[in-house]
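Below are the chains, spelled out letter by letter.
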Amino acid sequence: MSKKPTYHELEQRVKELEEESNNLKLIKEALHDKDKHLQSILESADGFAIYQLVVNKNDPHLLRTTFVSPSIRNVLGIEPEDFSSATFFANIHPDDSARVELANKQAFEINKFDVICRYYSVIKKQWIWILAISTGVVNDKGHITHVNGICIDITKQKHIEESLQKSEKHFRSLMESATNFAVYRLVTDKTNPHQLKVKFVSPSIKDILGIPEPMKFETWFKSMHSEDVDRIAEANLQAFKTQKFNEEYRTYHQNKNEWRWIHAISTGVVDKKGATESVNGILLDITE
């Protein structure tokens, strides 16, 4: 027969239960505050939307929406109550649909969905670019039970990227068609801040300087006139302080067997610490 607890033991146990009750109350309040904070974030989200889909037990490829943040209206241009895997795939651009469908099919094997595609926003009445990323949550048997994901409107980023690609295309065309001038970019060597390496240079530099390997920066000044060497070396050192280089010098053109006058103009680009990280410039043959 078990021994009856004493009054002191009962009193101690009551205190322990009261303490546990207070702790549970504090945890509940903390969770409530976190829930309110999370809800506030989801409601004020701009440019992205979070969603959760649950997998149908009878058909593992059939997904049902259990949660979607209100911001889905601004991101995809559909009302939250209308969001589902079916409506998502229905509005994808025809040129992207096959690729996205394949990624979705593979997602059930690799447990990851990560695509960039064009999507028609019914509200905005235009095609937008979105980034959709989701990951499945699996049970003990390794089966996906639900999917957590995020949709981000990246239309502005894509437009900037396209503009940069066009600019690069025009710039490359300019570089390749250059004749009596050459455009270049140099970058500093991390081990030696006063050492420069060629990032890119237009092909015309071979004709201007008469050098076979223009990607080796040291060859650019290899045939410089002896009377110009000290002046150019000093100007080069000053350029690391002023970020400006604007000099004329003579160089011996091996193919033409003659001295040519070169005008070199460049500007340095500095990092946050004020150190030169790259140099953009142009070389002109001003002999004539």
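Refer to the structure presented above.
Described below are features of the structure shown in this document. Since the structure is predicted, the reported quantities are computational estimates derived from the model, not experimental observations. (Residues numbered from 1 in each chain as written. Predicted model: local features only at pLDDT ≥ 70, side-chain atom pairs only at ≥ 80, totals over all residues. Heavy atoms only, no water.)

### Quick look at the pattern of salt bridges
No. 1: The full count for this structure, using the stated rule, is 12 salt bridges.
No. 2: Note that Asp153 is salt-bridged to Lys124, the shortest N-O span being 3.3 Å. With Asp153 in strand S5 (residues 144–153) and Lys124 in the loop between strand S3 (112–121) and strand S4 (126–138), the pair connects residues that are 29 residues apart, well separated along the chain.
No. 3: Between Arg260 and Asp285 there is a salt bridge, with its nearest N and O atoms 3.1 Å apart. (Salt bridge = Lys/Arg side-chain N within 4 Å of Asp/Glu carboxyl O. Helix = DSSP H or I, 4+ residues; strand = E, 2+ residues; numbered from the N terminus.)

### Here we look at the sheet that holds S5
No. 1: Sheet architecture is open: five strands sit in the order S2-S1-S5-S4-S3, paired in antiparallel fashion. The sheet is open, and its two edges are formed by strand S2 (63–68) and S3, each paired on a single side. Neighbour-to-neighbour, the strand axes of this sheet turn through a mean angle of 30 degrees, independent of strand direction.
No. 2: Judged from the five bridges that link them, strand S1 (residues 48–55) and S2 form a sheet pairing that is antiparallel. Note on S2: the bridge partner recorded for Val54 is Arg64. (Pairing = 2+ DSSP bridges. Axes fitted to C-alpha atoms, helices over the stretch in contact; angles between N-to-C directions.)

### Side note on the packing of aromatic side chains
In this description, an aromatic ring pair is defined by two values, namely the gap between the centres and the angle between the planes.
No. 1: Applying the stated criterion across every chain, the model contains 10 aromatic pairs.
No. 2: With a centroid separation of 5.2 Å and 70 degrees between ring planes, the pair formed by Tyr252 and Trp259 is classed as edge-to-face.
No. 3: Here the aromatic cluster, defined as three or more aromatic residues joined through ring pairs, consists of Tyr184, Phe217, Trp220, Phe221 and Tyr249.
No. 4: One residue, Lys158, lies across the ring of Trp129, its end atom 4.5 Å from the ring centre. (Phe/Tyr/Trp six-rings, centres within 6.5 Å; stacked < 30°, edge-to-face > 60°. Lys NZ or Arg CZ within 6 Å of the ring centre and 35° of its normal.)

### Observations concerning helix H7 (residues 226–242)
Because each turn of an α-helix spans 3.6 residues, side chains separated by three or four positions in sequence point in the same direction.
No. 1: With 17 residues, H7 should reach 24 Å at 1.5 Å per residue; the first-to-last C-alpha distance of 25 Å fits that figure.
No. 2: Burial in H7 covers these residues: Asp228, Ile232, Ala235, Ala239 and Phe240. Buried residues of H7, viewed axially, fall in a sector of 145 degrees; they line one side. Pointing more than 90 degrees away from the buried face of H7 are the exposed residues Asp230 and Lys241.
No. 3: Note on H7: the residue one or two positions beyond its end, Gln243, has a positive phi of about 65 degrees. (Expected span 1.5 Å × (residues − 1). Buried < 20%, exposed > 50% of the residue type's maximum accessible area, 1.4 Å probe, protein only. Arc of directions from axis to C-beta.)

Shape is all these values report; function is a separate question.
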